[in-house]
Amino acid sequence: MEHPLDPAIAAKDPVCGMTVNPVTAKYSLAHAGNHYFFCCKACEEKFNADSQKYLKPSQSARFGAPGGMAPIAKPANPGNYVCPMCPGVRESKPAPCPSCGMALEPEVPVAASRFDYTCPMHPEIVRPGPGTCPICGMTLEARTVSTNQENPELRDMTRRFWISVVLTVPLLAASMTDMLPGMAAEHALPAGGLPWIELFLASPVVLWAGWPFFQRGWASIVNRSTNMFTLIAMGTGVAYLYSLIATIFPGIFPPSFREMRGAPAVYFEAAAAITTLVLLGQVLELRARTQTGAAIRALLDLTPKTARVVRQGNEEDIPHDQIRRGDRLRVRPGEKVPVDGVVVEGESAIDESMITGEPMPVAKRVGSLVIGATVNGTGAFVMRAERVGSETLLAQIVQMVSRAQRSRAPIQRLADRVAAWFVPAVIAVAVLTFALWSLFGPQPRLAHALVNAVAVLIIACPCALGLATPMAILVGTGRGAHAGVLIKNAEALELLEKVDTLVLDKTGTLTEGKPKVLSVIAEQGIAESEVLRLVASLEQSSEHPLGAAIVRAAQQKHLALAEARDVRSASGRGIAGKVEGKIIVAGNEALFQELGVPMGGLRERAEVSSLARSTLVFVSKNGQPAGCIAIADPIKGSTPDALRELKAQGLRIVMLTGDSRAAAESIALELGIEEFEAEVFPDRKSDVVRRLQKQGRTVAMAGDGINDAPALAQANVGIAMGTGTDVAMESAGITLVKGDLVGIVRARKLSQATMRNIRQNLFFAFFYNLIGVPIAAGVLYPFFGLLLSPILAAVAMSLSSVSVITNSLRLRSLAL
């Protein structure tokens, strides 16, 4: 008898990496002399649109990393090469990955000695070292977060601020001598002496302390990208230059510039005070921005500095960066787990709250997986290091959150469009203000015109508008990381708030993903243990959860497994191969129909004998029915409560499963899910998502397996269970570290709170400028005789940016 499955079934979808059967694949494409097969239409369209993206293995952006982005750090060790898809693969030289075939890349550590720097408002700006953004003038920040909190820009601005304060206080006192009884300037100082004293005090403040503002303002003109520093440089520069000329050549000014005493007014105190207040605003803003990265620095600080390694019977403490895969590490009570690994001796309970957000300790025993940076309880154990360096879960969390914090949400486009016209509009308003006050203002008209025009330039703050979205994203993604919710990009965080339909894969999402064999049914003439042994022998090399359950059941019964040959898997249907010379097929009814294998009375006997919620694996030997194995996957304990809360939020819940309709209906009834689709092949999951989207639904898809990757990519928001495969996590916009539905509840709360915070920030920025600019122009003067001093305008401008950042920082205390 020929083998029932085509040998070419192992073809891979070049877009998502999913295994595709070329014989039954619906989507294929010829390119450059090769034929490629795809799991769904979406993958085919992506490949057809940009085939080089998926054919060039050097691009690490294959599954969603920023395309074309330069490496953020130098390789930790030129001799180590890792796979961008399969973190567990490492070789000493470049080679194809043995698992997925992609070219291995030099290993990049999380904490590198060299950082690229980027702008928080314009992440497309990347520089190899510190500096300022050529678009908005803001200080660039390290794109790779480190534990070092020292900020040279903050230190420099703080020094300039305090020196400015020392000089500005006596300058303000000197300028107010005319207001004090018996202290008129002409009596206290020689004629014309006060302006020279003010010039002496103001010059260091404006020309030295404020020099960075003039540099950034000039750069904005050179780069044709006007910004906040354009306005500050113009406002303080005009006030200082006018006062300088009025002090040196007072006779050249017309009467409209002169005060009652006959001398032109000078505004040294205004120029100095504005500079000092803007410096204060910069100091407060830089301090607040430093706090926005506290969440990621806190994650980095979780890593222990040393580990106790057991080698050849001896124990010694070694630095954390010297841990190698395969090392045996002893973890004592109260210590942190050094890296990701497996317990090989002892048992304990570990606090994983810093990674998963769950407060209860998790029991660990031999064979249990442990996560680096989690805290051991009262027990002691020995573990084997499995993932080290940039491979650990903590390192991947830090990298993912850092990328998300630099991404841009769609709502940012509104602020970008406004900001593009904002500064030119403010300059136009300042020119109009000067003209109107010069023509219609009270005497001295030109002096009033100058002061009000400067106030307009100073009070306007495009920076608050630009910071409204990125600061909230920065803090929100950091807060999510501490709760076990990893946001891949800002767009996913924004869209999750709008989701109205949630599609859930059953296995590993609603259930534990660790099925158990409930019963074995055998045809006459064959023992139940023989049916179990034959299928377990076939499934030894399979990674499918059902296959693993069958192997575990056989091992528990101490059955002697045989070697299987010519094993082939049919995605979503089953597996086939030769065991002891016999052709064994194990799968669902669809596979039996496809291969023409008779069912006999297996279906009827299984429906009577097995539990309603079980999945049935039919077995044939040499083309004849041999038996059936009933397998059930326990529902996660947190699933019912999480589903109730998600429904209470108005979400439409749809369950997808490859199980039989009877098994799916039983689970749906138990969980209160009204909509479900059973017997769904992997390549149809994305079709279901697409159909819901065509109905006008905003869809989120949650899954954990390689076969979920196309649906996760198709959905408006893909949600991957952290307990699942790397491919699923790369295809999703959000990853839940703990891997249960409670994480979806948390993610949705985070999305709603972050978007609410962004709208508040945008309101503050728009409202502030809409109100502040007209007041500075003097719109209240005809009605109330009120004018806004440029000094007060500087205070308001500085506080506007600080208020936006402070409001964003409230997300750090969000309860999830």
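In case you missed it, the structure is sitting above this.
A closer look at the overall build of the chain
Here comes step 1: Broken down by element type, the chain carries 28 helices and 32 strands.
Here comes step 2: Here the chain holds 816 residues, and the buried ones make up 53% of them.
Here comes step 3: Put simply, 66% of the contacts in the chain that link residues at least 6 apart link residues at least 24 apart.

Let's talk about unusual backbone geometry
Here comes step 1: At His558, a residue that is not glycine, the phi angle is positive and equals roughly 60°.
Here comes step 2: Using a relative accessible area of 72% as the deciding quantity, one classes His558 as exposed.
Here comes step 3: Located in the positive-phi region is Asp566, a residue other than glycine, with phi close to 50°.
Here comes step 4: Inspection of the secondary structure assignment puts Asp566 in strand 23 (residues 564–570).

Some words on helix 22 (residues 661–671)
Here comes step 1: Those residues of helix 22 that sit buried are Ala663, Ala664, Ile667, Ala668 and Leu671. The arc that holds every buried residue of helix 22, seen down its axis, measures 130°, which confines them to one face. Opposite the buried face of helix 22, at more than 90 degrees from it, the exposed residues are Arg661, Ala662 and Leu669.
Here comes step 2: Contact partners of the buried residues in helix 22: helix 16 (506–510), helix 21 (639–648), strand 28 (652–656) and strand 29 (675–677).
Here comes step 3: Following helix 22 by one or two positions, Gly672 adopts a phi angle in the positive range, close to 75°.

Considerations on the sheet that holds strand 28
Here comes step 1: One open sheet holds the seven strands; their spatial order is 20-32-31-30-21-28-29, and the pairing between them is mixed. Single-partner strands in this sheet number two, and they are strand 20 (485–487) and strand 29. Recorded for the sheet is a direction-independent mean angle of 20° between the axes of neighbouring strands.
Here comes step 2: When strand 30 (residues 699–703) meets strand 31 (residues 717–721), the two strands line up parallel, connected through four bridges. Within strand 31, the position partnered with Ala702 by the bridge is Ile719.

A short note on the pairing of strand 21 (residues 501–505)
Here comes step 1: Counting buried positions along strand 21 gives five out of five residues, so the element sits mostly inside the fold.
Here comes step 2: The two faces of strand 21 match: Thr501, Val503 and Asp505 on one face and Leu502 and Leu504 on the other face are all buried.
Here comes step 3: Pairing between strand 21 and strand 30: four bridges, direction parallel. Counterpart to Thr501 in the pairing with strand 30 is Val699.

Considering the nonpolar core
Here comes step 1: Counting 121 residues, the largest nonpolar core has Leu504, Val717, Ile719, Ile734 and Ile744 as the members making the most contacts within it.
Here comes step 2: If one sorts the elements of this core by residue count, helix 26 (residues 741–777) sits on top with 14 residues.
Here comes step 3: Beyond its immediate stretch of four places on either side in the chain, Leu504 contacts Thr509, Leu510, Leu643, Ile653, Val654, Met655, Leu656, Ala702, Leu741 and Ile744.
Here comes step 4: Val520, Val531, Ile584 and Ala586 belong to the second-largest nonpolar core, a separate cluster that totals 23 residues.

Remarks on the sheet that holds strand 22 (residues 516–522)
Two orientations exist for strands paired in a sheet by backbone hydrogen bonds: parallel and antiparallel.
Here comes step 1: In space, the six strands of this open sheet follow the order 22-27-26-25-24-23, with antiparallel pairing throughout. Of all the strands in the sheet, just strand 22 and strand 23 have a single pairing partner and so form its edges. The average angle at which neighbouring strand axes cross in this sheet is 20°, direction not considered.
Here comes step 2: Sheet analysis places strand 23 next to strand 24 (residues 574–579), joined by five bridges and oriented antiparallel. In the strand pairing of strand 24, Ala570 is matched with Gly574.
Here comes step 3: Taken strand by strand, helix 17 (residues 528–539) contacts strand 22, strand 23, strand 24, strand 25 (582–587), strand 26 (615–621) and strand 27 (624–632), and its axis lies near 100° from that of strand 24.

Reading the values: rules and limits
Residues numbered from 1 in each chain as written. Predicted model: local features only at pLDDT ≥ 70, side-chain atom pairs only at ≥ 80, totals over all residues. Heavy atoms only, no water. Helix = DSSP H or I, 4+ residues; strand = E, 2+ residues; numbered from the N terminus. Buried < 20%, exposed > 50% of the residue type's maximum accessible area, 1.4 Å probe, protein only. Contact = heavy atoms within 4.5 Å. Arc of directions from axis to C-beta. Pairing = 2+ DSSP bridges. Axes fitted to C-alpha atoms, helices over the stretch in contact; angles between N-to-C directions. Core = buried A, V, L, I, M, F, W, Y, C linked by side-chain atoms within 4.5 Å.

These results come straight from atomic positions and should not be treated as a statement about function.
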